[in-house]
Amino acid sequence: MRPNFIGVTGLPRAGSTLLCQLLAQHPEIHCEGRSSPLCNTLLGIRRMISDDSFFLSQLDNAFDSSYAHLTAAMQGFLHGWYHDCGKKAVVDKNRAWLHAIELLLHLEPEAKLVVCLRDLGQIYGSIEAQHQRTILVDFIDHLGDYDRMGRADMLFGKDKAIGAPLISLQAVLDLPKKVQERLYFVRFEDMLEQPAVCMSHIYAWLGLSPHVIDPEQLSIGIQESDSHYRMKYSHRQSGRISAPTRHELPPRIQAQIDSAYAWYTQLYYPQKKSQAV
């Protein structure tokens, strides 16, 4: 029987590594924990086939059969990626899954996506703190020469590490209800404060058997590569859950984040907004 497909996605430094580690504690889940090229490859197939002259030549007179060939081929690729999975569910982590959710559901209608969230100021603060620890090495997109305000502006740019997934998050509001029902949003702060309760809810939503994790004794999976992103985005795992250091942001940067992304706070951190009022 084919395993249930679970995508893990979300904002950077928002706990996707921790979530994958916690999902892997469940005996019915196969989770490798590392970012997967599966989503990127499916998107690449779509781009490639859409420019292929032989495929295009078939669409005028045999659209239905040609499209069925493509659908079956892409479904086969998706299902074949974890061909050796012997468990009830399989987890695939990639930040692009939220952007590609409708493509995924076209190929695998029963797929579900867990989306990781975190306070935006703390995401920026975490990235900036890691940069200061590795300041002699530049970012993959060369943000090291900017001052802190400039670097924050760039990180929140529409094609950058924080800004790109934020655009996908905001676009969720435009998705049909049936698509939105395949999404589960989990806050990093909740995974830290109530990990057992949080994961029990997620396991139930995924249709898995009840399972209680021990946040003090977690098994550690394969370590993801940090050098690919120039050591700016750590994927370190730990045998126990502990809260990270809270980052104090310059008031000007915090104010800009709060102003530009009030919609995010309103949707996912409403208690923070009420406290501010």
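Before reading further, recall that the structure is shown in the block above.
As the structure is a computational prediction, the values presented were derived from the model and not from experiment. (Residues numbered from 1 in each chain as written. Predicted model: local features only at pLDDT ≥ 70, side-chain atom pairs only at ≥ 80, totals over all residues. Heavy atoms only, no water.)

**Quick notes on the side chain of glutamate 224**
Right, on to step 1. Note that glutamate 224 resides in the loop between helix H10 (195-205) and helix H11 (251-260).
Right, on to step 2. Separated by 2.6 Å, the side chains of glutamate 224 and serine 35 make a polar contact.
Right, on to step 3. Aside from chain neighbours lying at most four places away, what touches glutamate 224 is Gly33, Arg34, Ser35, Lys93 and His235. (Helix = DSSP H or I, 4+ residues; strand = E, 2+ residues; numbered from the N terminus. Polar contact = N/O pair within 3.5 Å; in protein donor to acceptor, adjacent residues only side chain to side chain. Contact = heavy atoms within 4.5 Å.)

**Things to note about the pattern of salt bridges**
Right, on to step 1. One pass over the full model with this rule turns up nine salt bridges.
Right, on to step 2. The salt bridge partner of glutamate 32 is arginine 34, with a shortest N-O separation of 3.6 Å.
Right, on to step 3. With relative accessibility at 32%, the residue glutamate 32 sits in the partly exposed group.
Right, on to step 4. By relative accessible area, arginine 34 is classed as partly exposed at 37%.
Right, on to step 5. The partner of lysine 160 in a salt bridge is aspartate 141, with the nearest N and O atoms 3.6 Å apart. With lysine 160 in the loop between helix H6 (148-155) and helix H7 (163-171) and aspartate 141 in the loop between helix H5 (120-133) and H6, this residue pair connects regions lying 19 residues apart in the sequence.
Right, on to step 6. If you follow the salt bridges from partner to partner, you end up with Glu128, Arg148 and Arg151 in one network. (Salt bridge = Lys/Arg side-chain N within 4 Å of Asp/Glu carboxyl O. Buried < 20%, exposed > 50% of the residue type's maximum accessible area, 1.4 Å probe, protein only.)

**Examining the sheet that holds strand E3 (residues 89-93)**
Right, on to step 1. Taken together, five strands build an open sheet; the order of strands is E2-E3-E1-E4-E5 and the sheet is parallel. With partners counted over all chains shown, the strands left at the sheet margins are strand E2 (29-35) and strand E5 (183-187), one partner each. Strand after strand, the sheet turns through a mean of 20° between neighbouring axes, direction not considered.
Right, on to step 2. Bridge count between E2 and E3: four bridges; the pairing is parallel. When the sheet's bridge partners are listed, histidine 30 is paired in E3 with valine 90. (Pairing = 2+ DSSP bridges. Axes fitted to C-alpha atoms, helices over the stretch in contact; angles between N-to-C directions.)

**Considerations on the environment of cysteine 85**
Right, on to step 1. Residue position: cysteine 85 is located in the loop between helix H3 (53-81) and E3.
Right, on to step 2. When the C-alpha atoms of cysteine 85 and arginine 2 are compared, they prove to be 8.4 Å apart, with 83 residues separating the residues in sequence.

**Focus on the packing of aromatic side chains**
Right, on to step 1. The final tally for this structure, using the stated rule, is ten aromatic pairs.
Right, on to step 2. Measuring from ring centre to ring centre gives 5.4 Å for phenylalanine 185 and tyrosine 268, while their planes differ by 40°; the resulting arrangement is tilted. Placement of phenylalanine 185 in strand E5 and of tyrosine 268 in helix H12 (residues 262-268) is noted, with a sequence separation of 83 residues between them.
Right, on to step 3. Residue classification places phenylalanine 185 among the partly exposed positions, given a relative accessible area of 27%. (Phe/Tyr/Trp six-rings, centres within 6.5 Å; stacked < 30°, edge-to-face > 60°.)

**Observations concerning the side chain of serine 36**
Right, on to step 1. Here serine 36 lies in the loop between E2 and helix H2 (38-49).
Right, on to step 2. We classify serine 36 as buried; its relative accessible area is 8%.
Right, on to step 3. Polar contacts involving the side chain of serine 36 include one to the side chain of aspartate 92, which spans 2.6 Å.
Right, on to step 4. Setting aside chain neighbours within four positions, we find serine 36 in contact with Trp81, Tyr82, Asp92, Lys93 and Asn94.

**Observations regarding the pairing of strand E4 (residues 112-117)**
Right, on to step 1. By the criterion of burial, E4 is predominantly enclosed, with six of the six residues buried.
Right, on to step 2. Of the two faces of E4, the one holding Lys112, Val114 and Cys116 and the one holding Leu113, Val115 and Leu117 are both buried throughout.
Right, on to step 3. Sheet topology note: the strand E1 (residues 4-10)/E4 ladder contains five bridges and is parallel. By the bridge assignment for E4, glycine 7 is matched with leucine 113.
Right, on to step 4. Direction of pairing for E4 relative to E5: parallel, over a ladder of five bridges.

**Quick word on the packing of helix H1 (residues 16-23) against H10**
Right, on to step 1. With their axes 11 Å apart at the nearest point, H1 and H10 run at an angle of 70° to one another. Of the possible angle classes, the one that applies to H1 and H10 is roughly perpendicular. Judged by the twist between their axes, the crossing of H1 over H10 is right-handed. Here H1 contributes Leu19, Leu22 and Leu23 to the contact with H10, which in turn contributes Met199, Ile202 and Tyr203.
Right, on to step 2. Grouping the amino acids of the contact of H1 with H10 by side-chain chemistry returns six nonpolar, no polar and no charged. (Parallel < 35°, antiparallel > 145°, perpendicular 65-115°, else oblique. Left-handed = near helix turned anticlockwise from the far one by under 90°. Nonpolar A, V, L, I, M, F, W, Y, C, P; charged D, E, K, R; others polar.)

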